[in-house]
Amino acid sequence: MSSMTPGALSAFAHTGHPRTLRLPLISRRFDRRPHSYSLSSSSDGDADADTPSGRTLDDVLVNQDPYKRIWFGQPLVFINEQLDGQRFARIRRDWPQATQAVPHLIPFWIISLLCDQRAEHRHRSTNGPDYNNVAERFQSEIGFRVAAVREDHWCSGKHFPHSLRFAMDTNDWLAETNSGIFLPSPTPNIYTEPLPAGRADPFMNPEWSEMTAPKFALGPPRFEKGEMERIVALQGAFNAEWDEVLIMAKDIKIFAVPIYRLTYKITLRDGTAYTDGEIEQSIRVDWPRGQIQPIKEGPFGTIGNQLPQCRPARDGTNRFSLNSIGPPSRSAELMRIVMNAMRRRGPMTDAMWEDERILPLIAPSPVISGQGVQNYVNDHVLGRRTLDEPLYPIKRPQVAPTPSSLFSARSSLNYTKRAPANSTSSSSSSGSSSRSTGETSSQGSATSRYGPSWAGKRDSYVSSRARLQHERVRQTLRSPQQASKQKPVYPDILPDPRRYYKILGIDIPRSEMLDVDKREGVDEMISIRYVDLAMKRHPDRGGSTAEMTMLNEANRQIETLERRLAYFEGRDMDKENRKAQTNGR
């Protein structure tokens, strides 16, 4: 096979400029036989190897998430170098001291933190407020990728300053320029047979090994109150005279996207280095295990380590700005908080995957994907707050609700059976029998020679009914969620068959229109819209009589909660009122 010239993939990895990928396609298919690596030795020395025969990468890595939300990133640069020797030569361009390079698949969480905060500026010397910059409330996003490996792993603490926004922009560019061939894959087959057609040395062995392809060992972070407040405070900007003081207004929302990335652990003559499949991150690995990655030396000098932040622009326009959290010590402190929160949750378990804020990078529905998270974050950062929160549908077990009504169907009562005629039991034994059915000792004494008396039966019935009612009241008081379950459930988007909402400028009527707790706000909103439109559509203001008639009718039909409910249920309140008046007369 002829050697390959450096392609556009390498240019994209170093410069970030989109260019068309031109890769030669070889006619022969790749033979998936066990491969002997020319770059590495048989052992790595990091952990005990766990390679059960018959278990493949696809079996273990894909199936660890019951919802199959894990994606595998394409090693873009190394697709150009089809042979192990060519890849090793590419690595040695950056690390001339490299003696060995072992491919690993590392699990990463792409984390997006949506922060709601209030900001004000304080003078550094006097601690006085800045009267030129009034206090404001806004939302910002912090995005990054962090390795989800155990603490003793050589890659523990590794993180990228690349957010979900960067991943989605890269996917969009790849989809536009290469017909989606090099998009992330839902299976790790791209590492065992990297090209769609052709012959090339695989990056990984198809058999799974815990040493080179670990599963997700740590779940997404879950912060305590003080940690969330500190994360918000670390985003404050500062200059020579003024500090921006940020105070958390609401809890931070955490969204996580699972993804695997091909990485190479490079053995140097004087240490160890790390290079990923795109050579966009290549640094020395000499920080203590279990600690976060500090600012370290890379092949082209010192590498920055500041996390990106997205916040609304301060020029008053409907835009947002991307900047880094500075100085670097703030980003380092923020990552320490993140790592502590991940360790606190403990090892990854099956229950941790039952999280509706874990979403796939790509999904058939853009709402429950990385794109849905990005749209939701952009919407909130810009202050719009019109999109619903992207939540992945989790199959929760259906639990039958406990009835809370005091007037449910009467249950069967256990009456005391009459003693047989030939029974040798005395009246005391009959009393003990009545007590075994739930009667009190005083009720047990109300017996006759033929069994319980009518007074005893009556007392038993009343006591049983009282206990049932008491238990229902206690369950109702103990479970306040029952009251919310009794509320009617409406569809997220309400039907508008007669276009009343549309006429009033409400393009998408949502279920909040029928919420009892929000009735005053909705009534006021509809009234304001009616007044604004009436000033434009009234015949005296240049409108027409037909438009004003339609506007009046729409406002009258949905101006109150009762009328909105009737409109949703298909009832005509005007006819009902006329009928009631007629019956009253």
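Residues numbered from 1 in each chain as written. Predicted model: local features only at pLDDT ≥ 70, side-chain atom pairs only at ≥ 80, totals over all residues. Heavy atoms only, no water.

Within an unreviewed UniProt entry, the label attached to the protein reads J domain-containing protein, and the organism entered is Kwoniella newhampshirensis.

### Regarding the environment of Gly-236
Filter applied, for reference: Note on conventions: DSSP H or I runs of at least 4 residues are helices, E runs of at least 2 residues are strands, and numbering of each starts at the N terminus. Whether a residue is buried, partly exposed or exposed follows from its accessible area with a 1.4 Å probe, protein chains only, as a fraction of its type maximum: under 20%, in between, or over 50%, in that order. Between two residues, a contact is recorded if the distance between any of their heavy atoms is within 4.5 Å.
Within the secondary structure layout, Gly-236 lies in the loop between helix H6 (225–233) and strand S5 (242–268). On the accessibility criterion, Gly-236 (3% relative accessible area) is buried. Each C-alpha atom of the pair Gly-236 and Ala-119 lies 8.1 Å from the other, and the pair is 117 residues apart in sequence. When near neighbours in sequence (up to four residues on either side) are disregarded, Gly-236 contacts Glu-244, Leu-246 and Arg-330.

### Some thoughts on the UniProt feature "coiled-coil region" (unreviewed entry) in the protein
Where we set the bar: UniProt positions are given in the numbering used here, feature names are shortened, and annotations may be inferred rather than shown by experiment.
When the UniProt feature table is mapped to this numbering, "coiled-coil region" (unreviewed entry) covers residues 544–571. Summarising residues 544–571: 82% helix, 0% strand, and an end-to-end C-alpha distance of 29 Å.

### Observations concerning the nonpolar core
Threshold: Residue types Ala, Val, Leu, Ile, Met, Phe, Trp, Tyr and Cys, when buried and joined through side-chain atoms within 4.5 Å, form a set referred to as a nonpolar core.
Residues Trp-109 and Phe-144 are the most contacted members of the largest nonpolar core, which totals 63 residues. Those elements that place two or more of their residues in this core are helix H2 (57–62), helix H3 (84–94), strand S2 (98–123), strand S3 (136–147), helix H5 (189–192), H6, S5 and helix H7 (328–345). At 10 residues, the largest contribution of residues to this core is made by S5. If near-sequence neighbours (up to four positions away) are discounted, Phe-144 is found in contact with Trp-109, Ile-110, Ile-111, Leu-113, Phe-160, His-162, Ser-163, Leu-307, Leu-334, Met-335 and Val-338.

### Considerations on the pattern of salt bridges
Heads up, the rule is: Each reported salt bridge corresponds to a side-chain nitrogen of Lys or Arg within 4 Å of a carboxyl oxygen of Asp or Glu.
Per the stated rule, a full pass over the model turns up 28 salt bridges. Across the salt bridge formed by Arg-87 and Asp-84, the nearest N and O atoms sit 3.0 Å from each other. Of this pair, Arg-87 and Asp-84 are both found in helix H3, three residues apart, which corresponds to roughly one turn of the helix. Neither residue differs from the other here; Arg-87 and Asp-84 are each classed as buried. The partner of Arg-357 in a salt bridge is Glu-389, with the nearest N and O atoms 2.5 Å apart. Note that Arg-357 is positioned in the loop between H7 and helix H8 (370–381) and Glu-389 in the loop between H8 and helix H9 (427–436), a separation of 32 residues in sequence.

### Some remarks on the pairing of S5
Regular strands have side chains that alternate between both faces of the sheet. To keep things clear, this is the line we draw: Any two strands are treated as partners once DSSP identifies two or more bridges connecting them.
Note: strand S1 (residues 71–72) against S5, two bridges, orientation parallel. Bridged to Phe-72 within S5 is Tyr-260. Alignment of S2 against S5, held across 24 bridges, turns out to be antiparallel. Its bridge partner lying in S5, Phe-108 is registered against Ile-259. Hairpin remark: S5 followed by strand S6 (residues 271–276), antiparallel, with two residues in the connecting loop.

### Focus: the confidence of the model for the protein
What counts, and what does not: pLDDT measures how confident the predictor is about each residue, on a scale from 0 to 100.
Here the protein averages 76 in pLDDT, while 71% of its residues score no lower than 70. Helix H1 (residues 8–15) is the least confidently modelled element of the protein, averaging 35 in pLDDT, while S1 averages 94, the highest of any element. Low confidence marks residues 1–51, where pLDDT is under 50. Its contacts with residues over four positions away, or in another chain, come to 107 contacts. Across residues 402–450, confidence stays below pLDDT 50; counting only partners more than four residues off in sequence or on other chains, it has 44 contacts.

### Quick look at the packing of helix H14 (residues 519–537) against helix H16 (residues 561–569)
What counts, and what does not: Lines fitted to C-alpha atoms define the axes here, with helix axes fitted over just the stretch in contact, and angles between the N-to-C directions of these axes take values from 0 to 180 degrees. Angular relationships are summarised with four words: roughly parallel below 35 degrees, roughly antiparallel beyond 145, roughly perpendicular across 65 to 115, and oblique for the angles in between. For this scheme, ten residues count as nonpolar: Ala, Val, Leu, Ile, Met, Phe, Trp, Tyr, Cys and Pro. Four count as charged, namely Asp, Glu, Lys and Arg, and the remainder, Gly too, count as polar.
Two numbers describe how H14 lies on H16: the axes approach to 10 Å, and their chain directions differ by 85°. Classified by the angle between their axes, H14 and H16 sit roughly perpendicular to one another. Of the residues in H16, those in contact with Arg-519, Val-522, Asp-523 and Ile-526 of H14 are Leu-561, Glu-562 and Arg-564. Split by residue class, the contact of H14 with H16 holds three nonpolar, no polar and four charged.

### Considering unusual backbone geometry
Phi angles above zero are rare outside glycine, and Arg-385 is one such case at about 55°. Relative to the helices and strands, Arg-385 resides in the loop between H8 and H9. On the basis of relative accessible area, Arg-385 is assigned to the partly exposed category, the value being 42%. In this structure, Arg-499 takes a positive phi of about 60° despite not being glycine. Residue position: Arg-499 is located in the loop between helix H12 (481–485) and helix H13 (500–503).

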